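Structural characterization, general
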Amino acid sequence: ETLRRRLARARREGAERLGALGIRPWLMPRGGFYLWCALPEGQNAADIARAALREGVVLAPGDVFSVSHTASHFMRFNVAQMGDARVFPVLQRALAAPAA
């Protein structure tokens, strides 16, 4: 039960912080470790992931999980990892960077 409460708090707080960057959960799950989120209009998840990786932060672009490669504007975030202080500043810079 303690783990469930911690994950629920991490999902809620992560969704709020992502929302401040214009990244919206596709749906808000009632459980689990992941948030599937839509990126702001015109953003490509692979470009964001590459920019973040250059700064040592690994993010999961949606197409990695899509057989049809139709999830290029989605990312999957592990809420248990979003407490890392580097994630949001790196994500903000990656969203502002020109496409690679």
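Each remark here, short or long, concerns the structure printed above.
Keep in mind it's a predicted model, so treat the numbers as computed, not measured. (Residues numbered from 1 in each chain as written. Predicted model: local features only at pLDDT ≥ 70, side-chain atom pairs only at ≥ 80, totals over all residues. Heavy atoms only, no water.)

Among the nonpolar cores identified, the biggest contains 25 residues, and Leu18, Ile23, Ile48, Leu59, Met75, Phe77 and Leu91 are the most heavily contacted of them. Listing elements by their share of this core, those giving two or more residues are helix H1 (2–20), strand S2 (34–38), helix H2 (45–54), strand S4 (74–78) and helix H3 (87–96). At six residues, the largest contribution of residues to this core is made by H3. Setting aside its immediate chain neighbours within four residues, Leu18 contacts Ile23, Leu35, Cys37, Phe77, Met82, Phe88 and Leu91. (Core = buried A, V, L, I, M, F, W, Y, C linked by side-chain atoms within 4.5 Å. Buried < 20%, exposed > 50% of the residue type's maximum accessible area, 1.4 Å probe, protein only. Helix = DSSP H or I, 4+ residues; strand = E, 2+ residues; numbered from the N terminus. Contact = heavy atoms within 4.5 Å.)

This part covers the pairing of S2. Here S2 shows a buried face lined by Leu35 and Cys37 and an unburied face lined by Tyr34, Trp36 and Ala38. Sheet topology places strand S1 (residues 24–25) next to S2; two bridges connect them, and they run antiparallel. Bridging from a neighbouring strand, Pro25 pairs with Cys37 of S2. (Pairing = 2+ DSSP bridges.)

Moving on, we come to unusual backbone geometry. Backbone geometry at His69 places phi at a positive 55 degrees, although glycine is not the residue there. Summarising the element assignment, His69 is placed in the loop between strand S3 (60–61) and S4. For His69, a relative accessible area of 54% puts it in the exposed group.

Ordered by their spatial adjacency, four strands build an open sheet running S1-S2-S4-S3, and the pairing between neighbours is antiparallel. Each edge of the sheet is formed by a strand with only one pairing partner; in this case those strands are S1 and S3. Note that S3 and S4 share two bridges and pair antiparallel. Following the sheet pairing, Pro61 is matched in S4 by Met75. Packed onto the sheet, H2 meets S3 and S4 and runs at close to 45 degrees relative to S4. (Axes fitted to C-alpha atoms, helices over the stretch in contact; angles between N-to-C directions.)

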